[in-house]
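Coordinates in review
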Protein chains: 2
Amino acid sequence: MDADLHDKRNATRVAIQGERGSFSEEATMQMVPGPVEFLCCRTFDEVFLRTARGECGCCVIPIENSLAGSIHRNYDLLVRHGLRIRKEANLPVQHSLITLSGSAFEDVKTVRSHPVALDQCELFFKRHPHLVRETGYDTSGSVKEIVEEGLRDHAAIASRNAARFYGAKVLMERIEDREENFTRFFLLSSKSSVSETADKTSVVFSFKNAAGALFKCLSVFALRDIDLTKIESRPIHGRPWEYLFYLDFLGNTGEARVRNALSHLGELTEVLTVLGCYPRDATHEKKGM
Amino acid sequence: MDADLHDKRNATRVAIQGERGSFSEEATMQMVPGPVEFLCCRTFDEVFLRTARGECGCCVIPIENSLAGSIHRNYDLLVRHGLRIRKEANLPVQHSLITLSGSAFEDVKTVRSHPVALDQCELFFKRHPHLVRETGYDTSGSVKEIVEEGLRDHAAIASRNAARFYGAKVLMERIEDREENFTRFFLLSSKSSVSETADKTSVVFSFKNAAGALFKCLSVFALRDIDLTKIESRPIHGRPWEYLFYLDFLGNTGEARVRNALSHLGELTEVLTVLGCYPRDATHEKKGM
């Protein structure tokens, strides 16, 4: 079913944002079997654009973090470029303190990383108040810079994978504040395909503002005992205070009750698009709502 | 009713994020009558903290933009610091090109502003491809810098108000791409108070994940013909993939149907807090959902 995504003989070309050794790379390894050729992009806009243009078979992007919330820009880009969700993966975010292979903790004066990663290691910095925080553009990019520039008094906060990739050393593991920190990634491609094992569906819809409109839209799922797992709203440009709703629910678009629910939802909405039907990663996911 | 917010004899002390001359200042002038003394803070965290500590009577913060969406951090801070919503104001975002009073358009080579403001003037930059974009930390702060540093070949993108405040010149008005761009501001204080003219209420709640839970929560409003105007979800820290829901609806907490709806909602939720009941700014707002 995934024949269009990966080829047994050739490497699958996957666009990601940021440098090699990132969490996006880890998520890719989890979702794409076989050899992968990465297309590293500077921005998410570039990731979506190059995937939509067919420069790669698919892309892997973060969509939500269990502490920071949705990556709203990627919801907007998903609709703008008409890509489809093929797989999801919930990755635990575990931060390591990474240095040049010859450095010891006593050498480290400055710690560089993406601001979100620095924030997620607040307790670590409280325990080591002499360390200066430095803002980098990327977690794995910070490891790359420290290695390339040979900065002996610097450390980076990034994944173990980044240390391995750039030949750096993991000084400390799990320095993040909270254990319960996951990021959900999507594998996207310009083609849609539903596997038989798919048990989760994502849709986006809008409706004319009227009292009870959202309630009615949710009723099409509740009346058929279909579990929701997420709702997200985003503004509609040119129509102030009107919203696009993104909804994830448990079910396969091939099931009768899901087909009926979507047909019912179609009666209530102005725009309705199925963004994808894919196997749920239930590893770290709670029951629906 | 607003006696705790403003005093006829003394200036009301209001915390805002950023420099004087900003959109937050304009929103304050719209919501707070009489003289105002501004407490300019570097970050939103500082705004909330100083208001919660009682260093000022209230604060004014943006909560949502009709193009960019919610300012999610401010939803998180609202709950963390236990502040209450007292008023709202929807301000049209209109950008001006602002220079030193002696400069002409021909002198301008570089345009400095907050990245969001630069993005909102995309068509302006397409019409004038020779202009170099420069990222500033703030719209009105960019005007302040250009005036203080006497940069004759620079312009800033900010509100008319910023030009007036810093004695700069408005070279062009309404250079933003779209007409329909509004930002919704809240006036917050540590005390709650409901006026008789209040016709909008904001609540935040969470529930144990279970099929149909969100649908049931919305039913308490739909069954009583209460219009929703906004729903926003934010992650709950320490409980991955569970959410706090922020809901705005039309009604006063003194009305029987609203009291009943909230009591009903209390039966279905784990946590339920009324964040405020305040007069709706319907100037640029559509009918509920």
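A quick note: this is a predicted structure, and the numbers were derived from the prediction, not measured.

Cut-offs used in this document
- Think of each chain on its own: its residues are numbered from 1, step by step along the sequence as written.
- Going through the entries in the order they are written, you letter the chains from A and number the ligands from 1.
- Thresholds applied to this predicted model are a pLDDT of at least 70 for local features of residues and 80 or more for the giving and counting of side-chain atom pairs; totals over whole chains, interfaces and linings are not thresholded and use all residues.
- By convention in this description, side-chain values take in all heavy atoms of the structure and omit both hydrogens and water.
- Inter-axis angles, ranging from 0 to 180 degrees, are taken between N-to-C directions of lines fitted to C-alpha atoms, where helices are fitted over the stretch in contact.
- In this text, helices come from DSSP runs of H or I with a minimum length of four residues, and strands from runs of E with a minimum of two, each type numbered from the N-terminal end.
- Roughly parallel here means an angle under 35 degrees, roughly antiparallel means over 145, roughly perpendicular means 65 to 115, and every remaining angle is called oblique.
- Handedness of a helix crossing follows the sense of rotation of the near helix relative to the far helix, less than a right angle counterclockwise being left-handed and clockwise being right-handed.
- We call two residues in contact when some of their heavy atoms are within 4.5 Å.
- Amino acid classes used here: Ala, Val, Leu, Ile, Met, Phe, Trp, Tyr, Cys and Pro are nonpolar; Asp, Glu, Lys and Arg are charged; the rest, including Gly, are polar.
- As a working definition, buried area equals the accessible area (1.4 Å probe) given up by two parts on being put together, with both sides summed.
- Every case where a carboxyl oxygen of Asp or Glu lies within 4 Å of a side-chain nitrogen of Lys or Arg is listed as a salt bridge.
- Exposure classes here rest on a 1.4 Å probe applied to the protein chains alone. A residue is buried below 20% of its type maximum, exposed above 50%, and partly exposed in between.
- Paired strands, as defined in this entry, are two strands with at least two bridges between them according to DSSP.
- For the purposes of these results, a polar contact is taken to be a pair of N or O atoms within 3.5 Å, where, inside protein, one atom must be able to donate a hydrogen and its partner to accept one; residues adjacent in sequence count only when each atom of the pair is a side-chain atom.

**Examining the packing of helix H2 (residues 44-52) of chain A against helix H3 (residues 72-80) of chain A**
Residue and element names in this part refer to chain A. At their nearest, the axes of H2 and H3 sit 10 Å apart, and the two run at 20° to each other. As far as their axial angle goes, H3 and H2 are roughly parallel. Remark: the crossing between H2 and H3 carries right-handed chirality. Of the residues in H3, those touching H2 at Phe44, Asp45 and Phe48 are Arg73, Asn74, Leu77, Leu78 and Arg80. Of the residues belonging to the contact of H2 with H3, the class tally is 4 nonpolar, 1 polar and 3 charged.

**Quick look at the interface of chain A and chain B**
Opposite the 47 residues of chain A that make contact, chain B presents 47 residues. Buried surface at the junction of chain A and chain B, summed over both partners, amounts to about 4,000 Å²; 62% is from carbon and sulfur atoms. Considering only the side of chain A, the residues that lose the most area to chain B are A:Phe215, A:Trp241 and A:Met289, jointly responsible for 22% of the buried surface there. Here chain A is connected to chain B by 0 salt bridges. Where the side of chain A that touches chain B is concerned, the elements lending two or more residues are strand E3 (58-65), strand E11 (182-189), helix H8 (213-222), strand E13 (228-235) and strand E14 (243-250) of chain A. Sorting elements by how many residues they give to the side of chain A that touches chain B places E13(A) first, with 7 residues. Partitioning the side of chain A that touches chain B into residue classes produces 19 nonpolar, 15 polar and 13 charged.

**Looking at the pattern of salt bridges**
Applying the stated rule across the entire model yields 48 salt bridges over all chains. Between A:Arg184 and A:Asp248 there is a salt bridge whose closest N-O contact spans 2.9 Å. With A:Arg184 in strand E11 and A:Asp248 in strand E14, this pair connects stretches of sequence that are 64 residues apart. This pair shows no difference in class: A:Arg184 is buried, exactly as A:Asp248 is. Note that B:Arg73 is salt-bridged to B:Asp45, the shortest N-O span being 2.5 Å. With B:Arg73 in helix H3 (residues 72-80) and B:Asp45 in helix H2 (residues 44-52), this residue pair connects regions lying 28 residues apart in the sequence. A relative accessible area of 38% places B:Arg73 in the partly exposed class.

**Points about the sheet that holds strand E12 (residues 200-206) of chain B**
Residue and element names in this part refer to chain B. The sheet built from 4 strands is open, its strands ordered E13-E14-E12-E15 with antiparallel pairing. Single-partner strands in this sheet number two, and they are strand E13 (228-235) and strand E15 (271-278). In this sheet, neighbouring strand axes are inclined to one another by 15° on average, regardless of whether the strands run parallel or antiparallel. Sheet analysis places E12 next to strand E14 (residues 243-250), joined by 6 bridges and oriented antiparallel. Bridge assignment links Lys200 to a residue of E14, and that residue is Leu250. Running at roughly 160° to E15, helix H9 (residues 256-268) makes contact with E12, E14 and E15 of the sheet.

**So, the side chain of A:Ser202**
Inspection of the secondary structure puts A:Ser202 in strand E12 (residues 200-206). A polar atom in the side chain of A:Ser202 sits 2.7 Å from the side chain of A:Tyr278.

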